[in-house]
Amino acid sequence: MTNVWQMPDGIYQHVLIASGTPNVYMALVLDLRTAAVLGHHLLDLNELYGLSQAPVTP
């Protein structure tokens, strides 16, 4: 799965590419004028929000 959001000015795109691991994505910021990657980040929602951990019971 890949999702793309384009800024209203048409210059930048934000791309989210799913990995083979649930809730883990490669996030890219692209400059369409220069065909360059401005930034990238491995977004691991499992680690960020503790999604892979068993629920804590009181």
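Report on the accompanying structure. Numbers given for residues are sequential positions, taken from 1 along each chain in its written order. Where local features are concerned, this predicted model is filtered to residues with pLDDT of at least 70; where side-chain atom pairs are given and counted, the filter is 80 or more; whole-chain, interface and lining totals use all residues. Values reported for side chains reflect all heavy atoms of the structure, with hydrogen atoms and water molecules removed beforehand.

Quick word on the pattern of salt bridges
When a carboxyl oxygen of Asp or Glu lies within 4 Å of a side-chain nitrogen of Lys or Arg, that pair is called a salt bridge. Taken as a whole, this structure holds 1 salt bridge when the rule is applied. Notably, a salt bridge pairs Arg33 with Asp31, separated by 3.5 Å at the nearest N-O pair.

Observations regarding the side chain of Asn46
In this fold, Asn46 is placed in helix 1 (residues 45-49). At a separation of 3.2 Å, a polar atom in the side chain of Asn46 contacts the side chain of Asn23. Runs of H or I in DSSP of at least four residues are treated as helices and runs of E of at least two as strands, each being numbered from the N terminus. By the criterion applied in these results, polar contacts are pairs of N or O atoms within 3.5 Å in which, for protein atoms, one can donate a hydrogen and the other can accept it, and in which residues neighboring in sequence qualify only through two side-chain atoms.

A word on the environment of Val15
By secondary structure assignment, the location of Val15 is in strand 2 (residues 12-18). Val15 sits 10 residues away from Trp5 along the chain, and the two C-alpha atoms are 6.5 Å apart. Note on contacts: a residue pair qualifies if any of its non-hydrogen atoms lie within 4.5 Å across the two residues. Sequence-distant contacts of Val15, defined by excluding residues within four places in its chain, comprise Thr2, Asn3, Val4, Met26, Ala27, Leu28 and Leu30.

Considering the sheet that holds strand 1 (residues 2-6)
Being paired, for any two strands, means DSSP has found at least two bridges between them. The antiparallel open sheet is built from 4 strands, whose spatial order is 1-2-3-4. Lying at the two open borders of the sheet, with one neighbouring strand each, are strand 1 and strand 4 (36-44). Adjacent strand axes in the sheet meet at a mean angle of 15 degrees when their direction is disregarded. In this sheet, strand 4 lies alongside strand 3 (residues 24-31) in antiparallel orientation, the contact comprising 8 bridges. Note that in strand 4 the partner of Met26 across the bridge is Leu42. To get an axis, fit a line to the C-alpha atoms, keeping to the stretch in contact for a helix; angles then go from 0 to 180 degrees between the N-to-C directions.

It is worth stressing that arrangement in space is one thing and function is another; only the former is reported here.
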